[in-house]
Amino acid sequence: QVQLVESGGGLVQAGESLRLSCAASGRTFTMGWFRQAPGKEREFVAAIIWSGSATYADSVKGQFSISRDNAKNTVYLQMNSLKPEDTAVYYCAARIFGGGSHLRSAYDYWGQGTQVTVST
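Residues numbered from 1 in each chain as written. Predicted model: local features only at pLDDT ≥ 70, side-chain atom pairs only at ≥ 80, totals over all residues. Heavy atoms only, no water.

**Concerning the state of the cysteines**
Per the counting criterion, the structure on display carries 1 disulfide. The side chain of Cys-22 participates in a disulfide bridge whose partner is Cys-92; the two sulfur atoms lie 2.1 Å from each other. The disulfide joining Cys-22 to Cys-92 has a torsion of about -80 degrees about its S-S bond and is therefore left-handed. Of the two residues, Cys-22 is situated in strand S3 (residues 18-24) and Cys-92 in strand S9 (residues 88-95); the sequence distance between them amounts to 70 residues. (Disulfide = S-S within 2.5 Å. Helix = DSSP H or I, 4+ residues; strand = E, 2+ residues; numbered from the N terminus.)

Structure (structure tokens):
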């Protein structure tokens, strides 16, 4: 069993940046971020495998950057130029085997989520 603990969410103004962190209690091959806005389904944001190869949703390419520190079992999501439409609960996810996937069902473990609110 792997536990995931997110941190770094908060309230920011449009155009500002935030960095989310997610610490895993054990080693994972792939770690990713999803987000869920009010009234919407949870959607894929980005994922990164052990080697550092990353994949992004089209909606965040060039705006968000995912990275990981394998020694700390931690994944980060750097979010720049935030917009009100980025407001959501952001969830960290991990899978023990397998590469980055945009499918929620591909992930074995989930964090509790951290709220990101972007005001105008």
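Right, picking up where we left off after that structure.
**Details of the sheet that holds strand S8 (residues 74-79)**
In spatial order, the strands read S1-S3-S8-S7; together these 4 strands make up an open sheet with antiparallel pairing. Taken across any chain shown, the strands that pair with only one partner, and hence form the sheet edges, are strand S1 (4-7) and strand S7 (64-69). Geometrically, the sheet is characterised by an average inter-axis angle of 15 degrees between neighbouring strands, direction not taken into account. Two strands pair when backbone bridges link them, and S1 and S3 are joined in this way by 4 bridges, in the antiparallel orientation. Within S3, the position partnered with Glu-6 by the bridge is Cys-22. (Pairing = 2+ DSSP bridges. Axes fitted to C-alpha atoms, helices over the stretch in contact; angles between N-to-C directions.)

**Side note on the environment of Thr-120**
Tracing the chain through its elements places Thr-120 in the segment after strand S11 (114-119). Given the relative accessible area of 85%, Thr-120 is considered exposed. Taking the C-alpha atoms as reference points, Thr-120 and Ser-105, 15 residues apart in sequence, are found 34 Å from one another. (Buried < 20%, exposed > 50% of the residue type's maximum accessible area, 1.4 Å probe, protein only.)

**Things to note about the pairing of S11**
Residues Thr-114, Val-116 and Val-118 line the buried face of S11, whereas the alternating positions Gln-115, Thr-117 and Ser-119 sit on a face that is not buried. Bridge count for strand S2 (residues 10-13) against S11 is 4 bridges, and the pairing is parallel. Among the inter-strand pairings, Val-12 is bridged to a residue of S11, identified as Val-118. With 3 bridges joining them, S9 and S11 adopt antiparallel strand pairing. Paired with Val-89 across the strands is Gln-115, a residue of S11.

**Focus on unusual backbone geometry**
The phi dihedral of Asn-73 is positive, around 50 degrees, even though this residue is not glycine. Position of Asn-73 relative to the elements: it lies in the loop between S7 and S8. You can call Asn-73 buried: its relative accessible area is 17%. The backbone of Ser-81 shows a phi angle near 45 degrees, a positive value even though the residue is not glycine. Taking relative accessible area as the criterion, Ser-81 reaches 44% and is therefore assigned partly exposed.

**So, the packing of aromatic side chains**
Counted according to the given criterion, the structure contains 4 aromatic pairs. Ring centres of Phe-34 and Tyr-107 lie 5.3 Å apart, and the angle between their planes is 80 degrees; this geometry places the pair in the edge-to-face category. A residue pair is termed long-range when its members are at least 10 positions apart, and Phe-34 in strand S4 (residues 30-36) and Tyr-107 in the loop between S9 and strand S10 (109-110) qualify at 73 residues. Here Phe-34 matches Tyr-107 in class, with each residue buried. (Phe/Tyr/Trp six-rings, centres within 6.5 Å; stacked < 30°, edge-to-face > 60°.)

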